[in-house]
Structure formats: structure tokens, C-alpha cells
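Residue-level structural notes
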Amino acid sequence: MSFPPLANDTFLKACLRQATATTPVWLMRQAGRYLPEYKATRSRAGSFMGLATNVQYATEVTLQPLERFPLDAAILFSDILTVPDAMGLGLSFAEGEGPRLARPVRDEQAVAALQVPDLERLRYVFDAVTSIRRALNGRVPLIGFSGSPWTLACYMVEGGGSADDWRGVKSLMYSRPDLMHRILAVNAQAVAAYLNAQIDAGAQAVMVFDSWGGALADGAFQQFSLEYTRRVLAGLKRTGADGATIPRIVFTKGGGLWLAEMERLDCDVLGVDWTVNLGRARAVVGGSKALQGNLDPAVLFAPPEAVAAEARRVLEDFGAPHTGSGTGPTHIFNLGHGISQHTPPEHVSALVEAVHAHSARMRGNANGS
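The structure reproduced in this document is the subject of the present report.

The rules we used
Residues numbered from 1 in each chain as written. Predicted model: local features only at pLDDT ≥ 70, side-chain atom pairs only at ≥ 80, totals over all residues. Heavy atoms only, no water. Helix = DSSP H or I, 4+ residues; strand = E, 2+ residues; numbered from the N terminus. Buried < 20%, exposed > 50% of the residue type's maximum accessible area, 1.4 Å probe, protein only. Pairing = 2+ DSSP bridges. 1 Å grid on protein atoms, 1.4 Å probe; cavity = no way out; pocket = protein on both sides within 12 Å on 5 of 7 lines; lining within 4 Å. Points joined across faces, edges and corners; volume = space filled by probe spheres on them. Nonpolar A, V, L, I, M, F, W, Y, C, P; charged D, E, K, R; others polar. Arc of directions from axis to C-beta. Contact = heavy atoms within 4.5 Å. Polar contact = N/O pair within 3.5 Å; in protein donor to acceptor, adjacent residues only side chain to side chain.

In this section: unusual backbone geometry. In this structure, the amide linkage connecting G293 to the following residue, N294, adopts the cis form with an omega of -5°. Mapped onto the elements of the fold, N294 is located in strand β8 (residues 290-295). Even without being glycine, R17 reaches a positive phi, approximately 65°. On the basis of relative accessible area, R17 is assigned to the buried category, the value being 12%. Of note in this structure, W166 is not a glycine but carries a positive phi near 60°. Mapping W166 onto the fold places it in the loop between α8 (149-158) and α9 (167-175).

Below is the structure:
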């Protein structure tokens, strides 16, 4: 399949540590509940899964934030638990509650039965990727994504989110590490296959969300999260169908402690949460990785002028941008975690405008062109 050429490749260039005229910006969960148009589309879909599994609706909500804000990338609208759902674990979303899995994986029999899913059960995701890529018409790149093997395992064992610090999954990990390693090995194979299918469908970058890696103790993180993220990366395609390089992004919430070890991952970008100072992170990993992040999402509840000031502070924390030929330290502006559903959209406008304007000034380019 063929797609129109990119009009804005700033995000992809920054991922590959190439100089850009401005710092690119996109937001985790940028297509979502803070936008009234998203709420209207979800109402028409009838449910979250009705939205996520409908190619037309998924395309519509992925593009909605781009109609409001001059963002530099789109991210596929989907959910990290589509893979466990395809494994037969029965994903559902109750109104006002988080995700639930009807058949959690908690004993030897359930672990032994676990298999990499038939990717045809996820055809709706890949069809959405292709549909979104066509609808973008070259405006900005499209990011595909998956949860990390460890993060998926957290939900698979607990049967949903956790109100008590992942007691179930950690209990299994410590009491039966053999079963946990089996779950993670299957998940790593499944995630790699899932992301490769997104690449084949048209994704121009892929991101691994290790949302709960930071819940692990030092030592356990390396063994049960980092190792399986490494396996996923080892299995990923490096180029898309058109021969273009596919940047790989890894984000571990709460992972600042392990940046030096994550620097050795075979990826292009490391995302960091708001607890990390970007200047210090750059000193650790900037010689080989682009950095993504890391404004506290709660900043977006402040007045627009405060939002802009904090955006400038994050850019200054990273420091002087790479402006020469070849490769050098680069920054992709994002939040330190997903945007809150209570965020005023006009505050997002202030953020994106401030990032583009101030990052252009930092490069001595007042127009940002």
C-alpha cells in the first residue's frame, strides 16, 4: 500500500536525533475524554469497545485533536488491553470504571493455556491504522503502540486495575516466578507480532507503554520488565513497507531510577515522567537516545500563562537543542503521563503554542520555520 508523502516530519526526525526547526510536541492520550467531540463520538459508538473496534470511529477520534491543535504526531486510538482480549481473557469496560478481564490468569492451568493470539482477532486495530494513515493524508506521522509485557501481565493477573499496589501480580511473581516468566515470554512474543502488524498496516513509529514498570523493586524491574521489553524490541521490524525507518519509543512510568540501564535498550527514544529532570536525563542517555516528555499533566489545570511558563521551563531543562548536521541530543515534548480527562482544551492550545514558539527562539528562529 502507498500513502502520501509527509508534510511534517519533525517528530520522526527528532526521534532519530536529527536537528529540527522546532521541538515536536504530541500528548499521551491526546485523543480522549478531555475533548467534547470525543465524548460525542463515544456516545454514538455506545461504549468504549464499540469506539475502539469501529474503524470509522477510531479514525475520527484519532484525528480530532489534530483539528484543534498543531500537534506534530498522531497516535492510534486504541487500548493497551486489546492483546489480552485477543488471548480470550474477555475485556470489558463498565461505565465509570476501569477495564475488567473476565478470565484472569492466576494459576498453572491458566498460564499453561496462554498463547500468542491469532492476529486476525486484532484486524480491527490494523484496519484502523491504515484508515488513520490515509485520513492523515501526510499531515503528520502516525504512532502505533502496545503495553509492555509486564504492564499487560499486571492486568492479566489482577483481572483489571489495582487498588492495592498490584498485590496479586506481585504475589505471583515472588511465589511462582516460573509462572510469571511464562506469562511474560508469551506477552513479549505477542507484543512484537502486534507492533509489527501495526507497522505493516502503516504505523510510522511504535511505542511500548511500560506503565507499571515503576511499581517494581530494583532488581525485579530488570528481571521482569526490562528484559521482556528488550525481547520485544529485538523482534521489531526496523523499516516500514516503504523502506522508511520506524523509530521505537519506550516509556516506563516511574523508571527514572533505571535510565542508565534503559539507555542500553535497542530503541531510539526514551520517554520519562515528570519526576525526572530532563537535563540530568540528557546527561545519562542523550548520547544515544532522544528524550520524550515530561510536563506534569496537572500543570494543564493552571491558567494558560502558567501552562506556557511551565512548558518553557521543560524546554530549558532539556537545554540547547541540537542544530547541526548529523545526529545529536533531541527532545520530543510530551506530558509525563497521559492527559487528564478534566483538562480544558484551551490550555492545551496554550501549551502547544508555547512549545513551538519557545523552541524556535531557542534555535534562533523566531518564526519556527
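Let us keep going from here.
Strand-to-strand pairing in sheets goes through backbone hydrogen bonds, with the strands running parallel or antiparallel. Read from one edge to the other, the open sheet built from seven strands follows the order β1-β4-β5-β6-β7-β8-β9, with strand pairing classed as parallel. The strands lining the two open edges of the sheet, one partner per strand, are β1 (74-75) and β9 (331-335). Inspection of the sheet shows strand β4 (residues 142-147) paired to strand β5 (residues 205-210) by five bridges, in the parallel sense. Counterpart to F145 in the pairing with β5 is M207.

Okay, empty space enclosed by the protein next. Scanning the entire structure with this criterion turns up three cavities of 30 Å³ or more. Contributing to the lining of the largest cavity are 15 residues, with T23, F318, P321, H331 and R363 lying nearest its centre. Those elements that provide at least two residues to the lining of the largest cavity are α14 (304-318) and α15 (345-362). For the lining of the largest cavity, the per-class residue count stands at six nonpolar, eight polar and one charged.

Another aspect to go through is helix α13 (residues 278-285). Owing to its 3.6 residues per turn, the α-helix brings residues three or four apart onto one side. Within α13, the full set of buried residues consists of L278, A281, R282 and V285. Axial view of α13: buried residues confined to an arc of 105°, hence all on one face. Of the exposed residues in α13, the ones pointing more than 90 degrees away from its buried face are R280 and A283. Tucked inside the fold, the buried residues of α13 contact α12 (259-262), β7 (269-271), β8, α14 and β9. One side-chain oxygen of the residue at the start of α13 lies 2.9 Å from the amide nitrogen of G279, identifying that residue as N277.

By secondary structure assignment, the location of R248 is in strand β6 (residues 248-252). At 2.5 Å, the side chain of R248 forms a polar contact with the backbone oxygen of D266.

With ten of ten residues buried, α8 is to be regarded as a mostly interior element. Three or more residues of α8 are buried, namely P149, W150, T151, L152, A153, C154, Y155, M156, V157 and E158. G159 sits one or two residues past α8 and shows a positive phi near 85°.

Keep in mind these numbers describe shape, not what the thing actually does.
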